[in-house]
Each structure stands twice: as C-alpha cells, then as structure tokens.
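# Coordinate analysis (summary)
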Amino acid sequence: VGDQLDEDVPREPHLAWTKCTTVGYKTVQFTIQEISDISQTEVSPTLYESDVILLCYNISHPSTLRSLLDRWVPSLKLMAPSTPLLLIGCQSDLRTDRAVLTLLARQGKSPVSSCQALLASRQMEAVMYVETETRHSSRSAAAAFEVAALTCMGHFHNPPPP
C-alpha cells in the first residue's frame, strides 16, 4: 500500500474516518469504522454499504476469535450476506511472547494458532486470512488493507460454500 494508515485516527464508536491510498496503480478510499460491540451495528448504516468487512481479533486472546464466530459472523451473514469478509489476526508477534504465553497458560489457554485461524476463516467463509504484527512491522497492517482493496477490485472472491 502506497501510504500508511494513520495510527492516531479517532477510535470513538460510530465515528468513521477515511483514508486514501494507492494499491497497484489505483487510488483507493477506505472508510473505516470501528465497531467493537455487535449491538452497535443497528446504528451503523455504513455496514450495509461496505464493499468488504475486516473482522479483526487478537491472537493472544482466543475469546476474541470465538466472539467473531459465535456472534459477529451470524449477524453479518444476515445483515450483509453478500459482503466479503476478511479475517485479520492482530498481534501475531505476541504468539511467542513469553509473558503472554505465561499469562495464558495460567488460564489454561494458548494463543490462536495459524491453523486454528485458517479453520475459522473457512468456517466463516472468509475470502482470506491475514496476520498482522505490532512490534516488528507496520507493513503487515498495511498489507491487510491492501488485501481488502484487492478484494474490492475483484482479485479475491468468496469461497464456495462447504
């Protein structure tokens, strides 16, 4: 992606912001809206007009992926059935972080593995699964938006139903 997405954009519920960037030779405008509670979708008309939906979860918090599968995907399939979904695993570098592993082990949990995430992406019929990092590369987050843009341009399609 030609430009980096701003890290200091507002993170208030229901507020959308836009960012233009270049993918390939095309300028793409992203309208980004963070929705952290499925009940917020009732007041979010941009959801119905979306060309692609990025479903993000935290790799070091397995419950966030479970929430996507149990709550978000069924609702989105009803509200926006033809909108492609991308599954985004955030903070993949924490998968091997000792402090995170120790904390999760105390709870009898472990980070979401790539295999588990790929299985989840198939279950939700996501177009693709992308992982991002927090510490080692800002490029990985930009790559997730590049995949979103390419999906909108027709380069990736929903998989056939299982």
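Higher on the page you've got the structure.
Keep in mind that this is a model prediction, so the values were computed, not measured.

### Digging into the overall build of the protein
Counting secondary structure elements, the protein contains five helices and five strands. Starting at the N terminus and walking to the C terminus, you meet the elements of the protein as β-β-α-β-α-β-α-α-β-α. Evaluated residue by residue, the protein yields a buried proportion of 39% over its 162 residues. Within the protein, contacts between residues at least 6 apart in sequence are counted, and of these 65% link residues at least 24 apart. Per element, the accessible surface of the protein, about 9500 Å² overall, is 53% carbon and sulfur.

### A look at the nonpolar core
In this structure, Leu-55, Tyr-57, Leu-65, Leu-68, Leu-87 and Met-124 are the most contacted members of the largest nonpolar core, which totals 20 residues. Of the residues forming this core, the biggest block, six residues, is contributed by helix H2 (residues 62-79). Sequence-distant contacts of Leu-65, defined by excluding residues within four places in its chain, comprise Tyr-57, Leu-87, Val-112 and Ala-120. If you look at the next biggest cluster of nonpolar residues, it comprises 15 residues, including Ile-88, Val-130, Ala-144 and Val-147.

### Details of the pattern of salt bridges
Going through the model one piece at a time under the given rule, you end up with three salt bridges. When the shortest N-O distance is used, the salt bridge between Asp-70 and Arg-66 registers 3.1 Å. With Asp-70 and Arg-66 both in helix H2 and four residues apart, the pair spans about one turn of that helix.

### Concerning the environment of Ser-82
The topology assignment puts Ser-82 in the loop between H2 and strand E4 (85-90). The exposure class of Ser-82 is exposed, given its relative accessible area of 62%. Taking the C-alpha atoms as reference points, Ser-82 and Ser-50, separated by 32 residues in sequence, lie 10.0 Å from one another.

### What to know about unusual backbone geometry
Despite not being glycine, Gln-91 shows a phi value in the positive range, around 65°. If you trace the backbone, Gln-91 turns up in the loop between E4 and helix H3 (98-106). Positive phi outside glycine occurs at Glu-125, with the angle close to 60°. Structurally, Glu-125 can be placed in the loop between helix H4 (114-123) and strand E5 (128-131). Note on Glu-125: relative accessible area 25%, which makes it partly exposed.

### Points about H3
Sitting at the amino-terminal end of H3 is Asp-97, which places a side-chain oxygen 3.1 Å from the backbone nitrogen of Ala-99. Following H3 by one or two positions, Gly-108 adopts a phi angle in the positive range, close to 75°.

### So, H4
The complete set of buried residues in H4 reads Ala-117, Ala-120 and Ser-121. Looking straight down H4, one finds its buried side chains confined to an arc of 100°; they lie on one side. Exposed side of H4, more than 90 degrees from the buried face: Cys-115, Arg-122 and Gln-123 are the residues found there. Buried-residue contacts for H4 involve strand E3 (53-58), H2, E4 and E5. Of the residues trailing H4, Glu-125 is marked for its positive phi of about 60°.

Rules and cut-offs
Residues numbered from 1 in each chain as written. Predicted model: local features only at pLDDT ≥ 70, side-chain atom pairs only at ≥ 80, totals over all residues. Heavy atoms only, no water. Helix = DSSP H or I, 4+ residues; strand = E, 2+ residues; numbered from the N terminus. Buried < 20%, exposed > 50% of the residue type's maximum accessible area, 1.4 Å probe, protein only. Contact = heavy atoms within 4.5 Å. Areas by Shrake-Rupley, 256 points an atom, 1.4 Å probe, with all protein chains shown as cover. Core = buried A, V, L, I, M, F, W, Y, C linked by side-chain atoms within 4.5 Å. Salt bridge = Lys/Arg side-chain N within 4 Å of Asp/Glu carboxyl O. Polar contact = N/O pair within 3.5 Å; in protein donor to acceptor, adjacent residues only side chain to side chain. Arc of directions from axis to C-beta.

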